Amino acid sequence: MAAGHRVKPLYYGPKGKKKVIRRTAKAGTLQNGPTLNRLTVLWVNNNGVPFDTTGFNAALYRGGILVQTARFDRFGVVFFSLVGTLTTVSYTIQLYDNAGRVFRQSTIPAGVEAFAVIG
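Residues numbered from 1 in each chain as written. Predicted model: local features only at pLDDT ≥ 70, side-chain atom pairs only at ≥ 80, totals over all residues. Heavy atoms only, no water.

**Student:** Kindly report on the side chain of Thr 53, identifying the contributing residues and their values.
**Tutor:** Relative to the assigned elements, Thr 53 resides in the loop between strand E1 (38-44) and strand E2 (57-62). Ignoring sequence-local partners within four residues, the contact set of Thr 53 consists of Trp 43, Phe 72, Asp 73, Arg 74, Phe 75, Gly 76 and Val 77. (Helix = DSSP H or I, 4+ residues; strand = E, 2+ residues; numbered from the N terminus. Contact = heavy atoms within 4.5 Å.)

Here it is in structure tokens:
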């Protein structure tokens, strides 16, 4: 199996019963607001797989002024608890390690609830 190849999960229905499960669900009501209530950033490779970001941090700037710093979890995710979504302004984010070396810098546009830094 090639890396990145996704397969459908096997079906394990009720034991001893050959029951067909309905494949579609009724559409629910549409949500009017964002799903994520705080700005969430993912750091992924070119294939979209999150990096192991243990020991990495992020700093969020607005116009050269530090807004917040936050620590990545080991799954490539960092969220900024002080920044609500959808964002109303653009931000600059710096991704760095414990030694303070900046690995990436990117601009997050206004109007997002999640952002991916690729590479």
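**Student:** Can you lay out the pattern of salt bridges for me, pointing to particular residues and giving the numbers?
**Tutor:** Evaluated as defined, the whole model comprises one salt bridge. Note that Asp 97 is salt-bridged to Arg 101, the shortest N-O span being 2.6 Å. (Salt bridge = Lys/Arg side-chain N within 4 Å of Asp/Glu carboxyl O.)

**Student:** Could you give an account of the packing of aromatic side chains, naming the residues involved and the relevant values?
**Tutor:** According to the stated counting rule, one finds five aromatic pairs in the structure shown. Put simply, the rings of Trp 43, Phe 51, Phe 56, Phe 72 and Phe 103 touch in pairs and so form one group of aromatic residues. (Phe/Tyr/Trp six-rings, centres within 6.5 Å; stacked < 30°, edge-to-face > 60°.)

**Student:** Tell me what's going on with the nonpolar core, and back it up with residues and numbers.
**Tutor:** Counting 18 residues, the largest nonpolar core has Leu 39, Val 41, Leu 60, Phe 80, Ile 93 and Ile 108 as its most contacted members. At the level of secondary structure, the elements contributing two or more residues to this core comprise E1, E2, strand E4 (77-84), strand E5 (91-96) and strand E7 (114-118). Apart from residues lying up to four places away in sequence, Ile 93 is in contact with Val 41, Ala 58, Ala 59, Leu 60, Phe 80, Arg 104, Gln 105, Ser 106 and Ile 108. (Core = buried A, V, L, I, M, F, W, Y, C linked by side-chain atoms within 4.5 Å. Buried < 20%, exposed > 50% of the residue type's maximum accessible area, 1.4 Å probe, protein only.)

**Student:** Account for the pairing of E7, with residues named and values stated.
**Tutor:** Side-chain alternation along E7 places Phe 115 and Val 117 on a buried face and Ala 114, Ala 116 and Ile 118 on a face that remains uncovered. As paired strands, E1 and E7 are joined by five bridges and run parallel to one another. Note on E7: the bridge partner recorded for Val 41 is Phe 115. (Pairing = 2+ DSSP bridges.)

**Student:** Please set out the sheet that holds E4 residue by residue, giving values where relevant.
**Tutor:** Spatially, E4-E1-E7 is the arrangement adopted by the three strands of the open sheet, whose pairing is mixed. The sheet is open, and its two borders are formed by E4 and E7, each paired with just one other strand. Put simply, the sheet's adjacent strands are angled 20 degrees from each other on average, direction ignored. (Axes fitted to C-alpha atoms, helices over the stretch in contact; angles between N-to-C directions.)

**Student:** With reference to specific residues and values, describe the sheet that holds strand E6 (residues 102-108).
**Tutor:** Taken in spatial order, the four strands line up as E3-E2-E5-E6 in an open sheet, and their pairing is antiparallel. Each end of this open sheet is capped by a strand with a single partner; those strands are strand E3 (65-71) and E6. Sheet twist, expressed as the average angle between the axes of neighbouring strands with direction ignored, equals 20 degrees. With six bridges connecting them, E5 and E6 associate as antiparallel partners. Looking at E6, one finds that Ile 93 is bridged to Ser 106.

Purely geometric stuff here, so don't read any function into it on its own.
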